[in-house]
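What follows is the residue order along each chain.
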Amino acid sequence: MADHALMVADTSHAIVDHSLVIGQEFPDVETCRRTLKDIAIALHFDLRIVKSDRSRFIAKCSKEGCPWRVHVAKCPGVPTFSIRTLNGKHTCEGVRNLHHQQASVGWVARSVEARIRDNPQYKPKEILQDIRDQHGVAVSYMQAWRGKERSMAALHGTFEEGYRLLPAYCEQIRKNNPGSVASVFATGQENCFQRLFFSYRASIYGFITACRPLLELDKAELKGKYLGTLLCAAAVDADDALFPLAIAIVDVESDENWMWFMSELRKLLGVNTENMPRLTILSERQRGIVDAVETHFPSAFHGFCLRYVSENFRDTFKNTKLVNIFWNAVYALTTVEFESKIAEMIEISQEVIQWFQLFPPQLWAVAYFEGVRYGHFTLGVTEMLYNWALECHELPIVQMMEHIRNQLATWFNDRREMGMRWTSILVPSAEKRISEAIADAHCYQVLRANEVEFEIVSTERTNIVDIRSRVCSCRRWQLFGLPCAHAAAALISCGQNAHLFAEPCFTVGSYRETYSQMIHPIPDRSVWNELGEGADGGAAKLDILIRPPKIRRPPGRPKKKVLRHGRRDSEMSFLSLIMWLLFVYCKARPGPLKTLLQDWNWNVKALHTFHEGHILADWSAALSRLQRRL
């Protein structure tokens, strides 16, 4: 009998020795039940439970005539159970197929718990394949999905519990990170979740004290059990890394929620600084964002993300040469250069003039935009938000906030340590650009006009540099905050260190100050005080039960392919119809595929009038011609 014993101390680990011995103890009857089910699956036999109550557990092999049987009883005076009798011999052939009665949803949940703890993105398809490879058992997709859901709930709590804990979690943020802002808002008589805003004191201090006055605004859709939108305002540190300042989660993206988010951001900055810096804000300039920025940051320079503008231009004109000239116009530093590029585009297409009316150059062109982008033309925050949404969509909202807090804390700690190791004046990225400018400066002739003004002569053009005002006629010094090659030539000629003429936000000292504060951890929820006073300003109190939003993820597998902006419904209908007609055509006309496709090309051309957006009569005529040919 001892040969068939099982030594299982921790059921969360893989079973190594599938054996049982008389006298073996279990902490409780549930552990005993789980252990015996694991044995049955590992040794491929069906287990039938004869008796299971508070004092005993009796099981045998389900095959008729097989003598395998075990009797476990509660030990007197203690909560443990021990094996009293055991017949460990099997005379049956066991389970001959991959399906096992004991492979329940609960067993699947226990089997994948360790993997899901490390990787919440563990997919049901991967779960059922791994269970088949490791245990030799086949489970259905639904079993794998439910097992994952149960395991996620055991590890992180349910989605509903996450919303209920939001007020207490916000209180913990304010308590353990004094000076931080964290508030949650509910709506309706049922107190359904509406908005959540949080910003850590470390981020607020770092932005106001040492970051450049540049903010990026963007959003990402949340695809968990309950839908929502993640909003973020992120700055950029001295070494061009993203620096999240304020984050919000809202039930739906709307003009009203953008207005609220920018209002909270304005209050956050207004409370923590006496002189509000004149910000440069970059976004896709959707109507809701534009109105919110104009209302709460009326003095800010609000520019387009160039990725959004360029994609619209490319989709509108579909001309490679025109797109290349467009990018040259984007990066033109002076109005003269910009206007010359515009003239080239107009020669190719007069429709460019109408497009510029929709996208005024003052909002995106380097030559005309009044704000200072410091070389940032696209939204880097987009990828960060996408990653957060992808990594957290399986997590309850409190766990999502914890994930974001952990990543921010890691960034602060790693960058703080990295900054302390630097010994240069400027951060590495700025040092590299200054070194390149100094290398290019040697090919210029420098003529000094007075103590501060210089004339920099090259074979292409002559530029004027004023080292006191930190201005160059090429405008690169003003736009990027670092001395250009012309400025470097002037500074070297008068014995100055070009590194000292960079904007203060590029110094190592500013970088260290940016990450000088710490983001402190949040204690375990078991010590949270769920009852108490709430935050002011409309935030939900701790004694209010917040329910999930009413917008839930629709059933079924979500679409993976996202249609690009600007795709017309008629074009998609046309493509679908083409595929259907091609199928019908090939079925009706047997023959070599090459011949069929060559003949089919004529019919596609006949349908092209619809693709170009002509009137319905033209489309009907084209369809009639095709039907006659078929």
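See the structure shown above.
Report follows, based on the coordinates. (Residues numbered from 1 in each chain as written. Predicted model: local features only at pLDDT ≥ 70, side-chain atom pairs only at ≥ 80, totals over all residues. Heavy atoms only, no water.)

Below, the discussion takes up a nonpolar patch on the surface. Among the surface-exposed residues, Tyr141, Met142 and Trp145 lie close enough to one another that they form a single nonpolar patch of about 280 Å² accessible area. Positionally, methionine 142 belongs in helix H4 (residues 141-156). Using a relative accessible area of 41% as the deciding quantity, one classes methionine 142 as partly exposed. (Patch = residues over 30% accessible without salt bridge, like charges linked within 9 Å, V, L, I, M, F, W, Y side chains within 5 Å. Areas by Shrake-Rupley, 256 points an atom, 1.4 Å probe, with all protein chains shown as cover. Salt bridge = Lys/Arg side-chain N within 4 Å of Asp/Glu carboxyl O. Helix = DSSP H or I, 4+ residues; strand = E, 2+ residues; numbered from the N terminus. Buried < 20%, exposed > 50% of the residue type's maximum accessible area, 1.4 Å probe, protein only.)

Turning our eyes to something else, we now look at the packing of helix H6 (residues 166-176) against helix H15 (residues 397-421). Running from N to C, H6 and H15 cross one another at 20°; their axes reach a closest spacing of 10 Å. What the angle tells us is that H6 and H15 run roughly parallel. By crossing handedness, the relation of H6 to H15 is classed as right-handed. Seen from H6, the contacting residues are Leu166, Tyr169 and Ile173; seen from H15, they are Ile397, Val398, Met401, Glu402 and Arg405. (Axes fitted to C-alpha atoms, helices over the stretch in contact; angles between N-to-C directions. Parallel < 35°, antiparallel > 145°, perpendicular 65-115°, else oblique. Left-handed = near helix turned anticlockwise from the far one by under 90°. Contact = heavy atoms within 4.5 Å.)

Now for empty space enclosed by the protein. Evaluated as defined, the whole model comprises four cavities of 30 Å³ or more. Estimated volume of the largest cavity: approximately 140 Å³. Lining the largest cavity are 19 residues, with Tyr163, Leu222, Tyr226, Ile397 and Met400 positioned closest to its centre. Among the secondary structure elements, those contributing two or more residues to the lining of the largest cavity are helix H5 (159-164), strand E8 (214-223), strand E9 (227-236), strand E10 (242-250) and H15. For the lining of the largest cavity, the class distribution of residues is 14 nonpolar, three polar and two charged. The volume enclosed by the second largest cavity comes to roughly 70 Å³. What lines the second largest cavity is simply Val366, Phe369, Gly371, Val372, Arg373, Tyr374, Gly375, Phe377, Leu479 and Phe480. Here the lining of the second largest cavity is built from residues that sort into seven nonpolar, two polar and one charged. (1 Å grid on protein atoms, 1.4 Å probe; cavity = no way out; pocket = protein on both sides within 12 Å on 5 of 7 lines; lining within 4 Å. Points joined across faces, edges and corners; volume = space filled by probe spheres on them. Nonpolar A, V, L, I, M, F, W, Y, C, P; charged D, E, K, R; others polar.)

Attention now moves to the pairing of strand E4 (residues 69-74). Where strand E3 (residues 56-61) meets E4, five bridges bridge the pair, whose relative direction is antiparallel. Bridge pairing in E4 links phenylalanine 57 to valine 72. Count of turn residues in the E4/strand E5 (residues 81-87) antiparallel hairpin: six residues, of which glycine 77 carries a positive phi of about 80°. (Pairing = 2+ DSSP bridges.)

For helix H3 (residues 124-135), built from twelve residues, the straight-helix expectation of 16 Å at 1.5 Å per residue is met to within 8% by its first-to-last C-alpha distance of 16 Å. Buried within H3 we find Pro124, Ile127, Asp130 and Ile131. For H3, the arc enclosing every buried residue in end-on projection is 120°, short of the 170-degree limit, so these residues lie on one face. Exposed side of H3, more than 90 degrees from the buried face: Lys125 and Asp133 are the residues found there. Remark: glycine 136 follows H3 within two positions and exhibits a positive phi of approximately 70°. (Expected span 1.5 Å × (residues − 1). Arc of directions from axis to C-beta.)

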